[in-house]
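# Structural features, examined
So the chains spell out like this:
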Amino acid sequence: MSQPYPSPQYPGPQRPTNGPSWPANPQGPAQYPYGGPAYTGQYPPLGGYPPNGYPPNGYPPNGVPPRRPAKRGGGTTVAVVVISVVVVILLLIGLVFAGIVWKANSLVADVNDSYSRSNVGGDGTGDGSGSFGITGDDDGTTGTSSDIVPCSDSTQYTAYSQLVNDTYDKYMSKLEAGTIFDDLNLPANQDSADYVHDFILIITDRKSALRFGCEITTDVDELDDIYETKSNEVKELERKLNAHEDFGITIRITRSDGSVYESDGGAPPEQTIDDVEAAIRAVPVTPGADGTYLAAGESIAKAAGLSANYDFQQIYQYCMRTGSDEYTMAAFCSASPSVVYVNKAHAAYSTNITDPYYVDVMKHEMGHALVFKQCGTTRPPVGVSGEALANSYALKYLGGDRDNLQANIDDYPEYTMSDASDRAAERVHNGTCVAG
């Protein structure tokens, strides 16, 4: 058993002089602000505290709960008609996720050296390459073949070609390494596989189109404009992939065997709260090969759709009124809701990460994250403190350990779980964010 930890000291709250109107703070001599639409969550650390005094603390700026984009709207259509197969890419993802091996079948099928594509409206995600033919000269006469601008004269065509090839190679490498779902923070299931499949297919279509060169034109400025726009389309496509948004593109492929693949380019459905909670509970509370619980903590964060960031200074880009680094073990910032910040500079960091307590630090933070996900704030008006609410949520739904979650309630009563906080956690879990 580890030595007893000295009593931690918590920072007290300071309201911004011209900030929004926040909910009433819980009772107690000190607050660990997570809540409001953009509180910073700071879990009570173990050990390494000065004998007295509280560092300055307060409320971060407003955050905005994430919103899902509109689904299945009209968009660009990419149609690939098979004539002769020159590239056949068959990718099989084998990933172990919560003990289940998922396979993404037919990620890319029969990409050909001769096909037709159409680009009709939408958000410009599709390639829609076409030939402009030979344009007329300024005097109205038709230009000759000697006037045609070589593709190499367009700096934007060169940049676009490099971007397409780099993007293709980047995600193919992730597929081959079996890290694509983890890297994209997607659950390893068939919906995610279909989504990745569509992305690879669109990029492959653009890569294949490069074989035909650029538009036939006598105007290099026009060519630069065209390919700068195409570069922006690829960047936007990648942004949507990483944000788990619909691609806004309809895909139809007729393969060499006559079969047809169709997709609306929609993003995979989000996991339900029950799915997330079950995934967190399934994470083994065991130390890694390094003797720490860091890997378990990262798995817990990933199960909730968050990543762990150990550069604690970055939290100040979003939540600028957090407590001193010395007193914060981990923090959830509502203005940066896809990240849990872990503080390696904390005085007792090296001790805490070797104790199962650290796992419950992360589960408490995920309690805040899931309350925020459902209510748009970590401190909904459910009649209890945000800290007690997060603890009850972690205990009831995330497999938290009561002793660890209540380790410091003598000094910090706002973390004390009760029948009221348990009922509040139940209400939030069931989608109700106000007191009954």
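Residues numbered from 1 in each chain as written. Predicted model: local features only at pLDDT ≥ 70, side-chain atom pairs only at ≥ 80, totals over all residues. Heavy atoms only, no water.

With that settled, the discussion passes to the overall build of the protein. Broken down by element type, the protein carries 11 helices and 11 strands. For the protein, the residues scored as buried account for 49% of the 436 residues in total. Carbon together with sulfur atoms contributes 50% to the accessible area of the protein, which is approximately 19200 Å² in total. (Helix = DSSP H or I, 4+ residues; strand = E, 2+ residues; numbered from the N terminus. Buried < 20%, exposed > 50% of the residue type's maximum accessible area, 1.4 Å probe, protein only. Areas by Shrake-Rupley, 256 points an atom, 1.4 Å probe, with all protein chains shown as cover.)

A few words now on the environment of Thr292. Within the element layout of this structure, Thr292 appears in the loop between helix 5 (273-281) and helix 6 (294-303). For the pair Thr292 and Asn352, spaced 60 residues apart in sequence, the C-alpha separation works out to 8.7 Å. Within the local environment of Thr292, its side chain forms a polar contact with the backbone nitrogen of Leu294, the two atoms lying 3.2 Å apart. (Polar contact = N/O pair within 3.5 Å; in protein donor to acceptor, adjacent residues only side chain to side chain.)

Turning our eyes to something else, we now look at the packing of helix 5 against helix 8 (residues 357-375). Direction vectors running N to C along helix 5 and helix 8 enclose 175°, while the axes themselves pass 12 Å from each other. In this view, helix 5 runs roughly antiparallel relative to helix 8, as classed from their interaxial angle. Across the interface between the two elements, Ile273, Val276, Glu277 and Ile280 of helix 5 pack against Lys363, Met366, Leu370, Lys373 and Gln374 of helix 8. Of the residues that constitute the contact of helix 5 with helix 8, the class distribution is 5 nonpolar, 1 polar and 3 charged. (Axes fitted to C-alpha atoms, helices over the stretch in contact; angles between N-to-C directions. Parallel < 35°, antiparallel > 145°, perpendicular 65-115°, else oblique. Contact = heavy atoms within 4.5 Å. Nonpolar A, V, L, I, M, F, W, Y, C, P; charged D, E, K, R; others polar.)

Another aspect to go through is the state of the cysteines. In this structure the tally under the stated criterion is 3 disulfides. Between Cys151 and Cys214 runs a disulfide, and the two sulfur atoms are separated by 2.2 Å. On the sign convention where negative means left-handed, the S-S torsion of about -100° between Cys151 and Cys214 marks this disulfide as left-handed. Taken together, the residues Cys151 in the loop between strand 6 (111-112) and helix 1 (155-177) and Cys214 in the loop between helix 3 (190-209) and helix 4 (220-243) connect sequence positions 63 residues apart. The exposure class of Cys151 is partly exposed, given its relative accessible area of 21%. Disulfide pairing is shown between Cys319 and Cys333; the S-S distance is 1.7 Å. Judged by the sign of its S-S torsion, about 80°, the cystine formed by Cys319 and Cys333 is right-handed. On the criterion of sequence distance, the pair formed by Cys319 in the loop between strand 9 (307-309) and strand 10 (330-333) and Cys333 in strand 10 is long-range, its members being 14 residues apart. (Disulfide = S-S within 2.5 Å.)

Predicted confidence across the protein gives a mean pLDDT of 72, with 66% of residues reaching 70 or more. This stretch, residues 1-143, has a pLDDT under 50; its non-local contacts, to residues over four places away or in other chains, come to 413 contacts. (pLDDT = per-residue confidence, 0-100.)

In terms of nonpolar packing, the biggest core is built from 43 residues, with Ile280, Leu306, Tyr358, Met366, Tyr393 and Leu398 touching the most fellow members. Considering each element in turn, this core owes the most residues, 11 residues, to helix 8. Apart from residues lying up to four places away in sequence, Ile280 is in contact with Ile300, Ala303, Ala304, Lys363, Met366, Leu370 and Leu398. Ranked by size, the runner-up nonpolar core spans 35 residues in total, among them Phe181, Ala193, Val196 and Leu241. (Core = buried A, V, L, I, M, F, W, Y, C linked by side-chain atoms within 4.5 Å.)

With that settled, consider the packing of aromatic side chains. Tallied over the entire structure, the rule returns 8 aromatic pairs. Judged by centre distance (6.2 Å) and plane angle (85°), the ring pair of Phe312 and Tyr316 falls under edge-to-face. Residue class for Phe312 comes out buried when judged on its relative accessible area of 4%. Considering the side-chain rings of Tyr393 and Tyr397, the 5.1 Å spacing of their centres and the 55° angle between planes classify their relative orientation as tilted. One end of the pair is Tyr393 and the other is Tyr397, both in helix 9 (residues 386-397) and 4 residues apart, which spans about a single turn. For Tyr393, a relative accessible area of 0% corresponds to the buried category. (Phe/Tyr/Trp six-rings, centres within 6.5 Å; stacked < 30°, edge-to-face > 60°.)

Before going further, it helps to spend a moment on helix 6. Among the residues of helix 6, those classed as buried are Leu294, Ala296, Gly297, Ile300, Ala301 and Ala303. On its buried side, helix 6 packs onto helix 5, strand 11 (339-342), helix 7 (349-352) and helix 8. Trailing helix 6 by a residue or two, Gly305 shows a phi angle of about 85°, which is positive.

What follows deals with the environment of Thr377. Within the element layout of this structure, Thr377 appears in the loop between helix 8 and helix 9. When its relative accessible area of 12% is taken as the criterion, Thr377 is described as buried.

Right, let's talk about the pattern of salt bridges for a bit. By the definition in use, this model includes 8 salt bridges. For Arg239, the salt bridge goes to Glu236, with nearest N and O atoms at 2.9 Å. Here Arg239 and its partner Glu236 are both found in helix 4, 3 residues apart, which amounts to about one turn of the helix. Its relative accessible area of 36% is what places Arg239 among the partly exposed residues. Accessibility expressed as a relative area gives 30% for Glu236, which makes it partly exposed. For the salt bridge of Arg239 with Glu245, the shortest nitrogen-to-oxygen distance reads 2.8 Å. (Salt bridge = Lys/Arg side-chain N within 4 Å of Asp/Glu carboxyl O.)

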